[in-house]
Amino acid sequence: MAIDPKLVDQLLADYKKPEQIIGENGLLKQLTKALLERAMNAELDEHLGYGKHEPAGYNSGNSRNGTTKKKLKGDFGEIELETPRDRNGTFEPKIVAKHQTRFTGFDDKILSMYARGMSTREIQGHLQEVYGVEISPALVSTVTEAVSEEVKAWQARPLNEVYPILYLDALVVKVRDGAHVQNRAIHLAIGVTMEGTKEVLGMWATANEGAKFWLQVLTELQNRGVKDVFIACVDGLKGFPDAVETVFPNAQVQLCIVHLVRASLNYVSWKQRRAVAADLRKIYTAATVAEAEAALEAFASTWDRSHPTISQIWRRNWERVIPFFAFPADIRKVIYTTNAVESLNMTLRKLIKTRGSFPTEEAAFKLLFMGLRNVSKKWSFIQSWREALNRFQIMWPERMPSLDRS
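Note that residues are indexed from 1 along each chain, following the sequence as it is written. This being a predicted model, a pLDDT of at least 70 is required before a residue's local features are given, and a value of 80 or more before pairs of side-chain atoms are given or counted; all residues contribute to the totals for chains, interfaces and linings. Values shown for side chains rest on all heavy atoms present in the structure; no hydrogens or waters enter the calculation.

**Student:** What is the right way to look at the overall build of the protein in this model?
**Tutor:** Each helix is a run of H or I in the DSSP string that is no shorter than four residues. Each strand is a run of E no shorter than two, and both are numbered from the N terminus. When its secondary structure is counted, the protein shows 17 helices and 7 strands. With respect to the principal axes defined by its C-alpha atoms, the protein has extents near 100 × 50 × 50 Å. Each residue is placed in one exposure class: buried if its accessible area under a 1.4 Å probe, protein chains only, is under 20% of its type's maximum, exposed if it is over 50%, and partly exposed if it falls in between. Counting across all 406 residues of the protein, residues that qualify as buried make up 45%. Of note, the protein has its 54 positive side-chain charges centred 4 Å away from the centre of its 48 negative side-chain charges. Charge convention: Lys and Arg are scored as positive, Asp and Glu as negative, and His as well as the terminal groups of each chain are ignored. By convention, charge coordinates are those of NZ in Lys, CZ in Arg, CG in Asp, or CD in Glu.

**Student:** Explanation requested: the pairing of strand E6 (residues 228-234) in the structure shown.
**Tutor:** As a general feature of sheets, a regular strand has side chains that alternate between the two faces. Judged by how many residues are buried, E6 sits mostly within the fold: 7 of 7 residues are covered. At least two bridges found by DSSP between two strands is the condition for calling them paired. Taken together, the 5 bridges between strand E3 (residues 162-177) and E6 define a ladder with parallel strand orientation. Considered in E6, the bridge of Tyr-167 is made with Cys-233. Note: E6 against strand E7 (residues 252-255), 4 bridges, orientation parallel. Residue pairing in the sheet places Ala-232 in a bridge with Val-253 of E7.

**Student:** How should the packing of aromatic side chains be read in this particular structure?
**Tutor:** Centre distance and the angle of the planes are the two values used to describe a pair of aromatic rings. Centres within 6.5 Å make a pair out of two Phe, Tyr or Trp rings, where for Trp the six-membered ring is used; the pair is then stacked when the planes are under 30 degrees apart, edge-to-face when over 60, and tilted otherwise. Per the counting criterion, the structure on display carries 9 aromatic pairs. Here Trp-214 and Phe-240 contribute two aromatic rings whose centre-to-centre distance is 4.9 Å and whose plane-to-plane angle is 20°, an arrangement assigned as stacked. Of this pair, Trp-214 sits in helix H7 (residues 211-223) while Phe-240 sits in helix H8 (residues 240-247), and the two are 26 residues apart along the sequence. The same class applies to Trp-214 and to Phe-240, which are both buried. Ring geometry for Phe-230 and Phe-392: centres 5.6 Å apart, planes at 75°, overall edge-to-face. Note that Phe-230 is positioned in strand E6 and Phe-392 in helix H17 (residues 385-395), a separation of 162 residues in sequence. Comparing Phe-230 with Phe-392, the two get one shared label, buried.

The structure is reproduced here in structure tokens:
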């Protein structure tokens, strides 16, 4: 809606400094108050069917009944509004609803700050400093509590029948239990859809990461509609591959190379890590299985004398390391690396770090859910996905669902 420049000039006739516009009692705040009150009076006119002081209101059965004061928080700070009333108590203003104390969008700001890991005290300080608005810890809890219902609905939503690639990983959060702080493992499942987009399928909490619990997670995914997984990328947890194959017997289990390299470097001093990592890279970037085996033997001959455990780890897990060699180099990166999981976990760990510990498991889930929602908005299509699909079509034609291209 165009604003008459003459009206703007009139409002700015005495303008001398910015505080007159954006200050505590500046023009913007006064205009917001005036416009909101005028809009509510217009809504009351519509509700009653006649304007103020109009004869049509006489003996109409309902009339104006003064105003009530309420404070409204928003980007403009805090303003006191005069809300009109009707005698029958049937008027429900729309622009500022009954019992509404925060302007539209204000809650979103609280949620946005919360999702970025800001504590309640930091949110309070920020809103006070930037907008001049004082809020209580209870208000932050009230606003974020609505997210709990979203988490429940999201966790129970139906899933696709087929996810060509499934990444499974866990991270640890600290939850307070009375005077004690306990570690809780948050299990994450990320699926790649047939269209090449990443989707967080859910998150689950338990005291420790274990194959038995992963079996429950996979069973839940199956109950929510997942019928087939082509490749499941997992860490080196004992019994993990068996858990995957119990629920999805046709799935090809690929050991996460990132986890394997990380586990290997745990046995190496900081001075030697770069050299060891470089030699390990020769193994998983080899062109063929034969070349990878040769690179592993070369690694053993170089490092077994000082670090014999590393080559033993790779040999022990070799059958779960080599499946990705069946694919071209550009597709291997889609399969064996867990950039999707690692980048996600890095973001989530930053959020967790700012909190230290959570009062409840539910509080941890709320923050992680909002963090997941923010991160997933930035995800793009997986590179080389069309080539990967063509390879899957050749390898498992009977398992490929038809894509709806309408």
